[in-house]
Amino acid sequence: AQSVTQPDIHITVSEGASLELRCNYSYGATPYLFWYVQSPGQGLQLLLKYFSGDTLVQGIKGFEAEFKRSQSSFNLRKPSVHWSDAAEYFCAVASYNNNDMRFGAGTRLTVKP
Amino acid sequence: GAVVSQHPSWVICKSGTSVKIECRSLDFQATTMFWYRQFPKQSLMLMATSNEGSKATYEQGVEKDKFLINHASLTLSTLTVTSAHPEDSSFYICSALAGGSTDTQYFGPGTRLTVL
């Protein structure tokens, strides 16, 4: 069964600084990979996804993620963080038909002024 | 596009009562919907997969008689928490699978259930 590890429970960055959130996955076949963001009390918003093709994926709100098969990683990056980016970020992996999505534990992002 | 709604957004009920939560795909048809549970400051745990017109598939450890799921149409799935107890208090989130060559789950805003 697939699984996801987000090693960082909580990250604090200054506004304007760069950001990288780590995600490692375990899956026997080619995974479908996702990053979602959740603001307090809200549902999940899809930031970006990777199914195949170019391993550098561009998402909304200026986020990007890079799929590295050799490292089983799908790290999320943003060159300059805004205060509004403070939220919980979840990495997820699913099978080819998206019927078995598993989430990481999440990384809480705090943005300092 | 691809909007999923949930109703109610929050509910408080007494122990022993049943609560129904609705999940609707507003602008697309969803043959498959999912129900997740999220405890405070924790990740989402898949509870069950709901397919239109058939019985839901429950994850291991989820009581199917306690969490009744009905997916009667291509735009509506319901989760009924029967005989709710305080330990059922949680944030329940549904998602709907949009078809096409790049299937993606779209998530509802969640329902906060508090059982007194």
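Asker: Break down the overall build of chain A for me, with residues and values.
Answerer: The helix and strand inventory of chain A stands at zero helices and twelve strands. Counting from the amino terminus, chain A carries its helices and strands in the arrangement β-β-β-β-β-β-β-β-β-β-β-β. Its C-alpha atoms give chain A a radius of gyration of 13 Å, within 12% of the compact-globule value 13 Å for 113 residues. Considered along the principal axes of its C-alpha atoms, chain A spans approximately 40 × 30 × 20 Å. Looking at chain A as a whole, 48% of its 113 residues qualify as buried. Long-range contacts, defined as pairs at least 24 residues apart, comprise 54% of the intrachain contacts of chain A with a sequence gap of at least 6. Counting every atom, chain A has about 5,300 Å² of accessible surface; 49% of that belongs to carbon and sulfur. Separation of charge centres in chain A, based on 10 positive and 9 negative side chains, amounts to 2 Å.

Asker: If you had to explain a nonpolar patch on the surface to someone new, which residues and values would you point to?
Answerer: Together, W10, I12 and L116 of chain B make up an exposed nonpolar region whose accessible area comes to about 380 Å². Examined against the element boundaries, I12 of chain B turns out to sit in strand 2 (residues 10-13).

Asker: Break down the sheet that holds strand 7 (residues 67-73) of chain B for me, with residues and values.
Answerer: Residues and elements named next belong to chain B. Taken together, four strands build an open sheet; the order of strands is 1-3-8-7 and the sheet is antiparallel. Each of the sheet's edge strands pairs with one partner strand only, and the pair in question is strand 1 (4-7) and strand 7. Ignoring strand direction, the axes of neighbouring strands in this sheet form an average angle of 15°. Examined bridge by bridge, strand 1 and strand 3 (residues 19-25) share four bridges and lie antiparallel to one another. Pairing of V4 across the sheet is with S25, part of strand 3.

Asker: Please give an account of the pattern of salt bridges that cites residues and values.
Answerer: By the definition in use, this model includes seven salt bridges over all chains. Between E66 of chain A and R77 of chain A there is a salt bridge whose closest N-O contact spans 3.3 Å. In this pair, E66 of chain A is assigned in strand 8 (residues 64-68) and R77 of chain A in strand 9 (residues 73-78), connecting sequence segments eleven residues apart. As a salt-bridge pair, R102 of chain A and E59 of chain B come within 2.9 Å of each other at their nearest N and O atoms.

Asker: An account of the layout of surface pockets is requested, with residue identities and associated values reported.
Answerer: Residues and elements named next belong to chain A. The computed volume of the largest pocket comes to approximately 440 Å³. Element by element, the count of residues in the lining of the largest pocket is highest for strand 10 (residues 87-94), at three residues. Within the lining of the largest pocket, the residues separate by chemical class into eight nonpolar, seven polar and four charged.

Asker: Pulling in residues and values, what's your account of the pairing of strand 8 (residues 76-81) of chain B?
Answerer: All names here are of chain B. With six of six residues buried, strand 8 is to be regarded as a mostly interior element. Here strand 8 shows two buried faces, one formed by L76, T78 and T80 and the other by S77, L79 and V81. Two elements, strand 3 and strand 8, share six bridges in a ladder whose sense is antiparallel. Looking at the pairing, C23 lines up with S77 of strand 8. Relative to strand 8, strand 7 runs antiparallel, the two sharing five bridges. Bridge assignment links S73 to a residue of strand 8, and that residue is L76. Counting the residues that bridge the hairpin from strand 7 to strand 8 gives two residues.

Conventions adopted
- Residues numbered from 1 in each chain as written.
- Chains lettered and ligands numbered in written order.
- Predicted model: local features only at pLDDT ≥ 70, side-chain atom pairs only at ≥ 80, totals over all residues.
- Heavy atoms only, no water.
- Helix = DSSP H or I, 4+ residues; strand = E, 2+ residues; numbered from the N terminus.
- Rg over C-alpha atoms; globule rule 2.2 N^0.38 Å.
- Buried < 20%, exposed > 50% of the residue type's maximum accessible area, 1.4 Å probe, protein only.
- Contact = heavy atoms within 4.5 Å.
- Areas by Shrake-Rupley, 256 points an atom, 1.4 Å probe, with all protein chains shown as cover.
- Lys, Arg positive; Asp, Glu negative; His and termini not counted.
- Charge placed at Lys NZ, Arg CZ, Asp CG, Glu CD.
- Patch = residues over 30% accessible without salt bridge, like charges linked within 9 Å, V, L, I, M, F, W, Y side chains within 5 Å.
- Salt bridge = Lys/Arg side-chain N within 4 Å of Asp/Glu carboxyl O.
- Pairing = 2+ DSSP bridges.
- Axes fitted to C-alpha atoms, helices over the stretch in contact; angles between N-to-C directions.
- 1 Å grid on protein atoms, 1.4 Å probe; cavity = no way out; pocket = protein on both sides within 12 Å on 5 of 7 lines; lining within 4 Å.
- Points joined across faces, edges and corners; volume = space filled by probe spheres on them.
- Nonpolar A, V, L, I, M, F, W, Y, C, P; charged D, E, K, R; others polar.

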